[in-house]
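# Examination of the molecular architecture
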Amino acid sequence: MSTQDTTNGPADLSQSRFLKACRGEQTDATPVWLMRQAGRYMAEYRELRKKNTILELIKDPALATEVTMQPIQAFDLDAAIIFADILPPLEGMGLQLEFQKGEGPVIHNPVRTEADVRALRQPDPEEFLHFTLDAIRLTRKELDPRGVPLIGFSGAPFTLASYAVEGGSSRNRVLVKSMMMNRPDLWDIMMTKLAKLAGDYLVAQAKAGAQVLQLFDSWVGELSPYEYENFVLPYSKLALDIAATAGVPVIHFGTNTSGMLPLIQKAGGDVIGVDWRINLDEAWEILGHSTPVQGNLDPVTLFAEWPALEKRAKDVLDRAAGRPGHIFNLGHGIVIETPVDNVRKLVDYIHEYSRTLRG
Ligand code: CP3
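For the structure given in this document, a descriptive report is provided here. What you see is a predicted model; the values in this text were computed from it and never measured. (Residues numbered from 1 in each chain as written. Predicted model: local features only at pLDDT ≥ 70, side-chain atom pairs only at ≥ 80, totals over all residues. Heavy atoms only, no water.)

## So, the overall build of the chain
What the chain contains, in helices and strands, is 16 helices and nine strands. In terms of overall dimensions, the chain is globule-like: its C-alpha atoms have a radius of gyration of 19 Å, near the 21 Å expected for 359 residues. Across its three principal directions, the C-alpha atoms of the chain cover 60 × 40 × 40 Å. Counting only residues that meet the buried cut, the chain has 57% of its 359 residues in that class. In the chain, the share of contacts with a sequence separation of at least 24, taken over all contacts with a separation of at least 6, comes to 73%. Accessible surface computed for the chain: about 14400 Å², of which carbon and sulfur atoms make up 50%. (Helix = DSSP H or I, 4+ residues; strand = E, 2+ residues; numbered from the N terminus. Rg over C-alpha atoms; globule rule 2.2 N^0.38 Å. Buried < 20%, exposed > 50% of the residue type's maximum accessible area, 1.4 Å probe, protein only. Contact = heavy atoms within 4.5 Å. Areas by Shrake-Rupley, 256 points an atom, 1.4 Å probe, with all protein chains shown as cover.)

Following this line, the structure appears as structure tokens:
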């Protein structure tokens, strides 16, 4: 797939398709990976989940490595993403996290009062998240001979705050937005702690061997551009400024951001994630072609029969027009019941068709 080092020590994958595209350099074909590429749509994952909870998989470095490698073994992907979740870092702040069957994540002691905010600890990721850092070191050993780079990630301050304050998934995010609007003093304390945690965690993952970092701000599109600019951007920027000190490319991802892409870009990141609610060429025009972009197929497109799926994937590549600096991905995570065969066909098609768009 790419150049690899056969001598001792970590491989130099700086010339791999994925890393070149992250730097805005031209590649032989468009690199592709899929958000949430390890997970329940794969039988191998479901098999491991019969014997382990998701937190057990995440906290056992050997198991986390095994899960990370499942999609790499199954498909011709250009990057792996370490198997973890955005929420375990909150445990280090003193929050009690549980993934409940059918409910999704639950925080048993959500942050609601001034005392709750002040009690939030500022954890050292090297100490609290050593299991993921160990998993990164272990996974690199498996990936290096294959020439596949590894992505480390963190949740962004707003998305983390949303879970910490709401106590789980939420429809209107009334509690988190109320704290933001009514208590900017508390909001600042909490968001500063979350930003430092996210930034420090990303740096720790790069030190452990992650060659690219991604900041997930999955729920940021629930905000107006005004709220984003005034109450969230400064903290995303703090996290991204800290992450930038690691010296590896950083992808800044959000969904529902069509109305505020310039603000997302202003917060930072070398590569900007784009979802399917805007055409890729329009988004790229707004960001400027010197900024690499990642996206932007609707994940539900993978449920279509192949001719329709091919047409939609082709449209994304045609809009990218063979320009350097496009990483093909879904606009958000892969959906649980996704047919595995379509994933394989899609990944192969991206490589095949994108080659024909060069020069
Ligand atoms: O992409 C990958 O393959 C790496 C693994 C990964 C997971 N979560 C594993 C996971 C990544 C990158 C995440 C990020 C994550 N987690 C985000 C941001 C990205 C996004 O999709 O928006 C968010 C918001 C979370 C929080 C979270 N974790 C939720 C809401 C849920 C439950 C909902 C669901 O899909 O079941 C999780 C659980 C989770 N994280 C699963 C996986 C594979 C499924 C849990 C299981 O095995 O039962």
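Still more ground to cover, so stick around.
## Some words on the pairing of strand β4 (residues 150-155)
Of all six residues in β4, six are buried, a share of seventy percent or more. Burial of β4 is two-sided: the residues Leu150, Gly152 and Ser154 facing one way and the residues Ile151, Phe153 and Gly155 facing the other way are all buried. Judged from the two bridges that link them, strand β1 (residues 80-81) and β4 form a sheet pairing that is parallel. Residue pairing across strands places Ala80 opposite Leu150, the latter belonging to β4. In terms of strand pairing, β4 meets strand β5 (residues 212-217) through five bridges, oriented parallel. Counterpart to Phe153 in the pairing with β5 is Gln214. (Pairing = 2+ DSSP bridges.)

## Structural notes on the environment of Val67
If you trace the backbone, Val67 turns up in helix α4 (residues 61-74). Distance in space between the C-alpha atoms of Val67 and Ala308 is 30 Å, their sequence separation being 241 residues. If we skip the residues at most four places from it in the chain, Val67 touches Ala38, Tyr45, Leu48, Leu57 and Phe83.

## Remarks on the packing of aromatic side chains
One pass over the structure, following the stated rule, counts five aromatic pairs. Ring geometry for Tyr45 against Phe83: centres 5.7 Å apart, planes inclined by 55°, an arrangement best described as tilted. Remark: Phe83 occurs in the loop between β1 and α5 (88-91) and Tyr45 occurs in helix α2 (residues 43-51); sequence separation between them is 38 residues. One exposure class covers both Tyr45 and Phe83, and it is buried. With centroids separated by 5.6 Å and ring planes inclined at 5°, the aromatic side chains of Tyr349 and Tyr353 adopt a geometry described as stacked. With a gap of four residues between them, Tyr349 and Tyr353 both fall in helix α16 (residues 340-355), about one helical turn apart. Both residues of the pair, Tyr349 and Tyr353, belong to the buried class. Within the aromatic cluster, the residues linked to one another by ring pairs are Phe153, Phe216 and Phe253. One cation-aromatic arrangement involves Arg277 over Trp276; the distance from NZ or CZ to the ring centre is 4.2 Å. Positioned over the ring face of Trp284 is Arg323, at 5.6 Å from the centre of the ring. (Phe/Tyr/Trp six-rings, centres within 6.5 Å; stacked < 30°, edge-to-face > 60°. Lys NZ or Arg CZ within 6 Å of the ring centre and 35° of its normal.)

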